[in-house]
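# A structural walkthrough
Here's the letter readout for the chains.
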Amino acid sequence: MTDYNFAYLDEQTKRMIRRAILKGLAVPGYQVPFASREMPMPYGWGTGGVQVSAAVMTTDDQFKVIDQGADDTTNAVSIRSFFERTAGVATTTQTAEATVIQTRHRIPERDLTEGQILVYQVPIPEPLRFLEPRESETRKMHSLEEYGLMHVKLYEDISRHGHIATSYAYPVKVEGRYVMDPSPIPKFDNPKLSDCPAIQLFGAGREQRIYALPPYTQVVSLDFEDHPFVASKADHPCGLCGAEDSYLDEVIIDDAGGRMFVCSDTDYCTARQADGFKGKDAA
Amino acid sequence: MTDTALLSVRGVTKRYGAHIGCADVSFDLYPGEVMGIVGESGSGKSTLLNCMAGHLEPDAGAVVFDTAVDGPRDTLLMSEPERRMLSRTDWAFVHQHARDGLRMGVSAGGNVGERLMAVGARHYGDIRGSAIDWLGRVEINEARVDDRPTTFSGGMQQRLQIARNLVTGPRLVFMDEPTGGLDVSVQARLLDMIRSLVRDMGLSAIIVTHDLAVVRLLADRLMVMKSGHVVEAGLTDQVLDDPKHAYTQLLVSSILQV
């Protein structure tokens, strides 16, 4: 513990990141540039999320990390132990108890509450990037609210697949102003972004951007009038807990085509199993 | 024709350091009129076009456009959002190379629909309907609506670019060498198509070209530029059949008669 400053980063760096977070909260959906530091992990493993977590963390916090909904995957385990070691904060796997939740690609199933902070790891913060490669141009498009191009992407989806096939990183409009990439969460989670009581912070380490949604922000998924947004999921109940309202992972269980669907949110699934719910594949 | 000019250009000057791009160009364009600008390479005609279309900022002068809502306004004094709004509603710009004006990674339908979506269209069926309608008008088969422009021939790409620009019903079209780089039979077909579109839609257009045949076919009036200056202007037939300035005489006499 004494080998590191609290939560790894030095205080001046945390201060710089907090300023970016405050600016992000003041202008919801706007990408604030910040001086991202080198972190002791590769880009793509959550360097942005870790820096944001480090900047908002206090000694009293209960810290939870999920990766695709799970608490026990490599990325989640290593980030959790990183903060156990460098900040000495208490960690938990229970969504309800956690005060800071760092997440990669999911929003927990259990409703978040006031006072919680959800920190997203973001690989590419610019929703227009794959349509317009020039950063100078995308900045101009954001500042002038020229978002027609975003619908060109959705148009292409429908013309090619017959429906909007974008299933993750589905673009949203924040408070009728900025178009934002919600990080690669499944579009099933998009409705949870809106009117959420928790603070939502997005950190992109490699791209050096932070953006944020203050509590109870209106977030609308983009769509067409005749092809409205649908929050889709696999059409099955969870094999372990029987939940029909949670986002499911498809797991191949043998080489004869056998498969099962399980909740991607492990905390939600184990809590339900502890409450006596049982799916058809439960042992 | 009405009394108010659609576009009034006054004393537009653009310098590149000590070098002159175009100097003190003034003219009026009336609704429904097609103006040709001819001259050799480096005579400043593209510089002038880019200054008028807002791609370059001239060092002096005024470009007054008769906007649909507020009447005549100097586009150079407009704010950038206003100017960009103008350039995707009332204006259109056809590039010499279709690749500059198209999104090559997006299907033909998406290319035509982009301007509609940029001005707020949010109904997929309607957008696709007008995209197909416009592909028909520029003689592209409806079956190609989901193909990318990379699979199109040069002439088709150019026609697609024109469809993409005209879909929002602009009042003024800037064209920079629209037939450049196409073979002559494709050129003839394209010119024929542009001519009928201009007539049918009552468009005004400014066409920059070095090809006198193009202006002979399309333009009502003509400006001849040399070294950044307008050396002669007038009705197309008058200028081409009875050139006054020595340079215009040279230009007209250097056409190869077949």
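Refer to the preceding data block for the structure.
Residues numbered from 1 in each chain as written. Chains lettered and ligands numbered in written order. Predicted model: local features only at pLDDT ≥ 70, side-chain atom pairs only at ≥ 80, totals over all residues. Heavy atoms only, no water.

What follows is about the pairing of strand β4 (residues 100–104) of chain A. Residues and elements named next belong to chain A. Counting buried residues along β4, four of its five residues qualify, which places the element largely inside the surrounding structure. Bridge count for strand β2 (residues 62–67) against β4 is five bridges, and the pairing is parallel. What sits directly across from D67, in β4, is R104. Of the pairings in the sheet, the one linking β4 to strand β5 (residues 117–121) comprises four bridges and is parallel in character. Bridged to I101 within β5 is L118. (Buried < 20%, exposed > 50% of the residue type's maximum accessible area, 1.4 Å probe, protein only. Helix = DSSP H or I, 4+ residues; strand = E, 2+ residues; numbered from the N terminus. Pairing = 2+ DSSP bridges.)

What follows deals with the pattern of salt bridges. Under the defined criterion, the tally for this structure stands at 36 salt bridges over all chains. Across the salt bridge formed by R106(A) and E109(A), the nearest N and O atoms sit 2.7 Å from each other. Among the residues examined, R106(A) registers a relative accessible area of 2% and is labelled buried. R88(B) serves as the salt-bridge partner of E146(A), at 2.8 Å between the closest nitrogen and oxygen. Here the residue E146(A) occupies a position in the loop between α4 (135–143) and α5 (148–161), and R88(B) occupies one in helix α2 (residues 80–89), the pair thus bridging two chains. Of the two residues examined, E146(A) and R88(B), each falls in the buried class. Salt bridges linked by common partners bring E137(A), K140(A), E146(A), E80(B), R84(B) and R88(B) together as one network. (Salt bridge = Lys/Arg side-chain N within 4 Å of Asp/Glu carboxyl O.)

To continue, consider unusual backbone geometry. Residue and element names in this part refer to chain A. Residue Q68 is not a glycine yet carries a positive backbone phi of 55 degrees. Q68 gets classed as partly exposed once you look at its relative accessible area, which sits at 37%. Despite not being glycine, A169 has its phi angle at roughly 50 degrees, a positive value. Mapped onto the secondary structure, A169 falls in the loop between α5 and β6 (172–174).

A word on the interface of chain A and chain B. It is common to give the size of an interface as the accessible area lost on bringing the parts into contact. At the junction of the two partners, chain A supplies 21 residues and chain B supplies 22 residues. Around 1,800 Å² of area is buried between chain A and chain B when both sides are counted, 56% of it from carbon and sulfur atoms. Its largest share of buried area at the contact with chain B, chain A owes to E146(A), V152(A) and Y155(A), together 29% of the area lost on that side. For the pair chain A and chain B, the number of links is five salt bridges. A salt bridge links R84(B) to E146(A), with the shortest nitrogen-to-oxygen separation between them at 2.8 Å. On inspection of chain A and its partner chain B, the count reaches twelve residue pairs in polar contact (both at pLDDT 80 or more). Listing elements by their share of the side of chain A that touches chain B, those giving two or more residues are α4 and α5 of chain A. In terms of residue count, α5(A) provides more of the side of chain A that touches chain B than any other element does, nine residues in total. (Contact = heavy atoms within 4.5 Å. Buried area = accessible area lost by both parts, 1.4 Å probe. Polar contact = N/O pair within 3.5 Å; in protein donor to acceptor, adjacent residues only side chain to side chain.)

On to helix α7 (residues 266–274) of chain A. Looking only at α7(A), the buried set comprises D267(A), Y268(A), C269(A) and R272(A). Backbone geometry just after α7(A) places G276(A) at a positive phi near 100 degrees.

Turning our eyes to something else, we now look at the nonpolar core. Judged by nonpolar contacts, the single largest core of 66 residues is most densely connected at F224(A), V112(B), L160(B), I162(B) and V173(B). Aside from chain neighbours lying at most four places away, what touches V112(B) is A131(B), W134(B), L135(B), L160(B), A163(B), R164(B) and V167(B). (Core = buried A, V, L, I, M, F, W, Y, C linked by side-chain atoms within 4.5 Å.)

Looking now at the environment of E38(A). Residue and element names in this part refer to chain A. Along the chain, E38 falls in the loop between β1 (32–33) and α2 (47–56). Looking at E38, the relative accessible area reads 68%, which means it is exposed. The spacing of E38 and Q51 is 13 residues in sequence and 9.6 Å in space, taken between C-alpha atoms.

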